[in-house]
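# Secondary and tertiary structure notes
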Amino acid sequence: MIRAAAGMHMRRPSLASLASNASAELPWQPGFVRFYASPSNEPPTPEIKICENLSLQKSPIEQERVGEKRPLVLLLSWLAAKQRHLSNFAQFYLDQGCDVLTVKVKPMQILLPETGAQVIAQNVANFVQSDEQCERPILVHGFSVGAYVYTEILSNMLALQKENEITGRIIGQIWDSPVDAHNIPNGISKALLKNNMMQIGVKKSLDLYTSMTYRIAGQHHQRGSRLFHCNPVKAPSMFFYSDSDPISTPDNCGKVMASLKEMGHTFVQSKEFKKSLHVSHMYKHREEYVSTLRGFLNQIDYFKKVSEIDGEADVGSCVDTGDAEKQESSV
């Protein structure tokens, strides 16, 4: 068990306690997790439990409405997220005819990738290659440490495919408050604790853990960071972040976007919000968030057709990070 940083004479959660509480709503979780998603008046779309970490919701909208294959949305959650916290996002896509595969993750599954995140990733890769799903377009919408989970999913996809028959189906990648893998200790400590001193102590403990367990954890996190910066999938990308988020900072997001552009990604967009907490941008700036998201999606054929059918072909307010004249709120 990891010892707390020297000189920190206070009681703090151990890794074991984080593991035992990972599936429950933790009492010290910050407020944004509790009120992130406004309750919906609509009855929830039934969930089909695929396994412990995966659940599928099928859109009630008929496929003939658009006339082409409906995308499967991979909704990669932040730590300890409950389904009700993700319901606004899932419903947004269900209303547009997409099915939604929600992927949840616990702290210990991030800290022990070989028996955690990598197993989840393999399950996702197998699911998207199942008979019912193998020809469907894929849209990725990830939050916080979901960015790291995506790199493990991507690694599995790359290993399974002969050419690009899996990754070539990815039509868009959306990142809300993405946490680069090297910032996982900081992300976990801030996501699960309110007290600043306890955050510092747990972060130091987790930093020590990742350095001491390089072969079972650290090397996988570092590889994930490299893959996120050098993503071989050149589908359109959208980054949401805030000037007030100490976990997913504008500087970190800017570095990822710059790296992608250097690799030849021609469709990289971003939106920076003001005074918005980690993964709270939709709650804090709902209209602006949805408008920007619609604008991004309307540049993808399927969603453009849906928007035209619904009479909502609004270009939104996306910020193209490649155009200096449009960079008021981007890095």
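Residues numbered from 1 in each chain as written. Predicted model: local features only at pLDDT ≥ 70, side-chain atom pairs only at ≥ 80, totals over all residues. Heavy atoms only, no water.

## Observations regarding the pattern of salt bridges
Scanning all chains against the criterion turns up 10 salt bridges. With its nearest N and O atoms 2.9 Å apart, the salt bridge here joins D99 to R136. With D99 in strand β4 (residues 99-103) and R136 in the loop between α5 (117-128) and β5 (138-143), the pair connects residues that are 37 residues apart, well separated along the chain. The two residues D99 and R136 agree in class, both being buried. Salt bridges sharing common partners tie together R70, D99 and R136. (Salt bridge = Lys/Arg side-chain N within 4 Å of Asp/Glu carboxyl O. Helix = DSSP H or I, 4+ residues; strand = E, 2+ residues; numbered from the N terminus. Buried < 20%, exposed > 50% of the residue type's maximum accessible area, 1.4 Å probe, protein only.)

## A short note on the environment of G224
Position of G224 relative to the elements: it lies in helix α9 (residues 214-229). For the pair formed by G224 and Y150, sequence separation is 74 residues and the distance between their alpha carbons is 8.5 Å. Setting aside residues no more than four positions away along its own chain, G224 makes contact with Y148, T151 and A181. (Contact = heavy atoms within 4.5 Å.)

## Here we look at the packing of aromatic side chains
Per the counting criterion, the structure on display carries 13 aromatic pairs. Within the aromatic cluster, the residues linked to one another by ring pairs are W78, F89, F143, F240, F273 and Y289. (Phe/Tyr/Trp six-rings, centres within 6.5 Å; stacked < 30°, edge-to-face > 60°.)

## Comments concerning the pairing of strand β7 (residues 237-242)
Buried residues dominate β7, accounting for six of its six residues. In β7, alternate side chains face the same way, and those of S237, F239 and Y241 on one face and M238, F240 and S242 on the other are all buried. With four bridges joining them, strand β6 (residues 170-176) and β7 adopt parallel strand pairing. For D176, the partnering residue across the bridge sits in β7 and is F240. Pairing analysis gives six bridges linking β7 to strand β8 (residues 268-273), with the strands arranged parallel. Across the sheet, F240 pairs through a bridge with K271, a residue of β8. (Pairing = 2+ DSSP bridges.)

## Section: the environment of M263
Structurally, M263 can be placed in the loop between α10 (250-262) and β8. Under the relative-accessibility criterion, M263 is labelled partly exposed at 30%. In this structure, the C-alpha to C-alpha distance between M263 and C230, residues 33 residues apart in sequence, is 7.0 Å. Leaving out residues up to four positions away in the same chain, M263 has contacts with H229, C230, N231 and K234.

## Here we look at unusual backbone geometry
Positive phi, normally seen in glycine, also occurs at S144, with a value near 50°. Tracing the backbone shows S144 in the loop between β5 and α6 (146-160). Phi angles above zero are rare outside glycine, and V279 is one such case at about 45°. Within the secondary structure, V279 sits in the loop between β8 and α11 (281-284). Residue classification places V279 among the buried residues on the basis of a relative accessible area of 0%.

## Things to note about the packing of helix α8 (residues 196-212) against α9
Each packed pair of helices is defined by two parameters, the angle between the axes and the distance between the axes. Running from amino to carboxyl end, α8 crosses α9 at an angle of 105°, the nearest separation of the two axes being 6 Å. Between α8 and α9, the angle is such that the two are roughly perpendicular. Taken together, the residues of α9 that come into contact with α8 (itself represented by Y209, T210, S211 and M212) are Y214, I216, A217, G218 and H221. Residues that form the contact of α8 with α9 fall into these classes: five nonpolar, four polar and no charged. (Axes fitted to C-alpha atoms, helices over the stretch in contact; angles between N-to-C directions. Parallel < 35°, antiparallel > 145°, perpendicular 65-115°, else oblique. Nonpolar A, V, L, I, M, F, W, Y, C, P; charged D, E, K, R; others polar.)

## Focus: the pairing of β8
When you tally the buried positions in β8, you get six out of six residues, the bulk of the element. Residues of β8 alternate between two faces, with V268, S270 and E272 on one and Q269, K271 and F273 on the opposite face, all of them buried. Each parallel crossover has a hand, and the one from β7 via α10 to β8 is right-handed. (Right-handed = clockwise from strand over helix to strand, strands pointing away.)

## Here's the deal with helix α12 (residues 286-297)
If you check α12, its first and last C-alpha atoms are 16 Å apart, about what 12 residues at 1.5 Å a residue would give, namely 16 Å. Listed as buried for α12 are Y289, V290, T292, L293, G295, F296 and L297. (Expected span 1.5 Å × (residues − 1).)

## Comments concerning the environment of Q161
Structurally, the position occupied by Q161 is in the loop between α6 and β6. Each C-alpha atom, one on Q161 and one on Q129, is 9.9 Å from the other, the two residues being 32 residues apart in sequence. Apart from the residues within four sequence positions on either side, Q161 is in contact with I166 and T167. Engagement of the side chain of Q161 in a polar contact is seen with the backbone nitrogen of I166, the distance being 3.0 Å. (Polar contact = N/O pair within 3.5 Å; in protein donor to acceptor, adjacent residues only side chain to side chain.)

## Points about α5
The end-to-end C-alpha distance of α5 is 17 Å, a good match for the 16 Å that 12 residues give at a rise of 1.5 Å each. Along α5, the residues classified as buried are A117, Q118, I120, A121, V124, A125, F127 and V128.

## Re the confidence of the model for the protein
Per-residue confidence for the protein gives a mean pLDDT of 81; residues scoring 70 or more make up 79%. Overall, residues 1-39 carries pLDDT values under 50, and its contacts beyond four positions in sequence, including any with other chains, amount to 82 contacts. In this model, residues 312-331 is a region of pLDDT below 50 whose contacts with residues beyond four sequence positions or in other chains number 53 contacts. (pLDDT = per-residue confidence, 0-100.)

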